[in-house]
Amino acid sequence: ITVQEEALAVHEKVNALESQVRAIRKMKVRKRRADQIIEGIEKLRKEQASPSELLGNLSEKIPKGLWLDAIRQVDKKFLKKKNIQIVFEDGSKEIIMVEGMALKESVILEYSQNLQRVEYFKSVIMYKIEKTFLLGSSVWKFTILGHKKAVPNDKPEKKKKK
């Protein structure tokens, strides 16, 4: 066998393996992308407060003489639709609306202060308190807005040009 024939045989073997090499490169790229996605998901998981944890925090802070009617996660569109004009400064778009009733105004203030100590919230705003009647007795109906702390993945909203 001549050197040229041997080189040709090696070249044919290399060409035969080329498709396998391309397939391996594609798999490496896909694996890298999958690793990035998994890493992103894990990061989100660590930064996310679970709904049960939040509900636990909200309910364990309830003083005697106060009860909750609704807890909902709302966004700025919802607030705008309800004509609630509250401006939050950072990029977090998540707001927890807590609605309920209390026997005394002071109990609502106590609950609001308790919520300010919940790690999940950046700020807590007493939005509305009004006296109403329930089964012939006066009670205080309230709405509290809790502004969720922004996490690194939250992006500030871009201001629209007019």
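Think of each chain on its own: its residues are numbered from 1, step by step along the sequence as written. Restriction of local features to residues with pLDDT of at least 70 applies here, the model being predicted, together with a cutoff of 80 or more for giving and counting side-chain atom pairs; totals for whole chains, interfaces and linings are based on all residues. To obtain the side-chain values, all non-hydrogen atoms of the structure were used and water was disregarded.

### Regarding the confidence of the model for the chain
Right, on to step 1. pLDDT measures the predictor's confidence residue by residue and takes values from 0 up to 100. Of the residues in the chain, 84% reach a pLDDT of 70 or more, and the chain-wide mean stands at 81.
Right, on to step 2. In what follows, residue pairs with any heavy atoms lying within 4.5 Å of each other are defined as contacts. In the predicted structure, residues 152-157 sits below a pLDDT of 50 and forms 13 contacts with residues beyond four places in sequence or in another chain.

### So, the nonpolar core
Right, on to step 1. Core analysis: the largest hydrophobic core is formed by 17 residues, its most contacted members being L58, Y111 and F121.
Right, on to step 2. Where this core is concerned, the elements lending two or more residues are α2 (51-60), β2 (95-102), α4 (105-116), β3 (121-134) and β4 (137-148).
Right, on to step 3. Helix and strand assignments come from DSSP, with helices taken as H or I runs of at least 4 residues and strands as E runs of at least 2, each series counted from the N terminus. Ranked by residue count, the leading element in this core is α4, at four residues.
Right, on to step 4. If near-sequence neighbours (up to four positions away) are discounted, Y111 is found in contact with L58, K61, I62, P63, L66, L68, V98, F142 and I144. Here, nonpolar core means buried Ala, Val, Leu, Ile, Met, Phe, Trp, Tyr and Cys residues that are tied together by side-chain atoms lying within 4.5 Å of each other. Three labels apply to residues, based on accessible area from a 1.4 Å probe with only protein chains included: buried if under 20% of the type maximum, exposed if over 50%, partly exposed otherwise in between.

### A closer look at the sheet that holds β2
Right, on to step 1. Strand order in the open sheet formed by four strands is β1-β2-β4-β3, with antiparallel pairing between adjacent strands. Two strands bound the open sheet, and with one partner strand each, they are β1 (66-74) and β3. Averaged over all pairs of adjacent strands, the angle between their axes in this sheet comes to 15°, without regard to strand direction.
Right, on to step 2. Of the pairings in the sheet, the one linking β2 to β4 comprises eight bridges and is antiparallel in character. Looking at β4, one finds that G100 is bridged to F142.
Right, on to step 3. To get an axis, a line is fitted to the C-alpha atoms, and for a helix only the part in contact is used. The angle between two axes follows their N-to-C directions and goes from 0 to 180 degrees. This element, α2, spans β1, β2 and β3 of the sheet and lies at about 30° to β2.
Right, on to step 4. Contacts from α4 reach β1, β2, β3 and β4 within the one sheet, and its direction differs from that of β3 by about 160°. Two strands make a pair as long as DSSP finds a minimum of two bridges between them.

### Here we look at the pairing of β4
Right, on to step 1. In terms of burial, β4 is a largely internal element, nine of the twelve residues being buried.
Right, on to step 2. With twelve bridges connecting them, β3 and β4 associate as antiparallel partners. Its bridge partner lying in β4, K128 is registered against T143.
Right, on to step 3. Hairpin connection of β3 to β4: two residues between the antiparallel strands, including L135 at a positive phi of 50°.

### Considerations on the pattern of salt bridges
Right, on to step 1. By definition here, a salt bridge exists when the distance from a side-chain nitrogen of Lys or Arg to a carboxyl oxygen of Asp or Glu is within 4 Å. Enumeration according to the criterion identifies two salt bridges in this entry.
Right, on to step 2. For the salt bridge of K31 with D35, the shortest nitrogen-to-oxygen distance reads 2.9 Å. Separated by four residues within a single helix, K31 and D35 lie in helix α1 (residues 3-47), roughly one turn from each other.
Right, on to step 3. Given a relative accessible area of 53%, K31 falls into the exposed group.
Right, on to step 4. Residue D35 is classed as partly exposed on the basis of its relative accessible area of 36%.
Right, on to step 5. The partner of E99 in a salt bridge is R72, with the nearest N and O atoms 2.8 Å apart. In this pair, E99 is assigned in strand β2 and R72 in strand β1, connecting sequence segments 27 residues apart.
Right, on to step 6. Taking relative accessible area as the criterion, R72 reaches 32% and is therefore assigned partly exposed.

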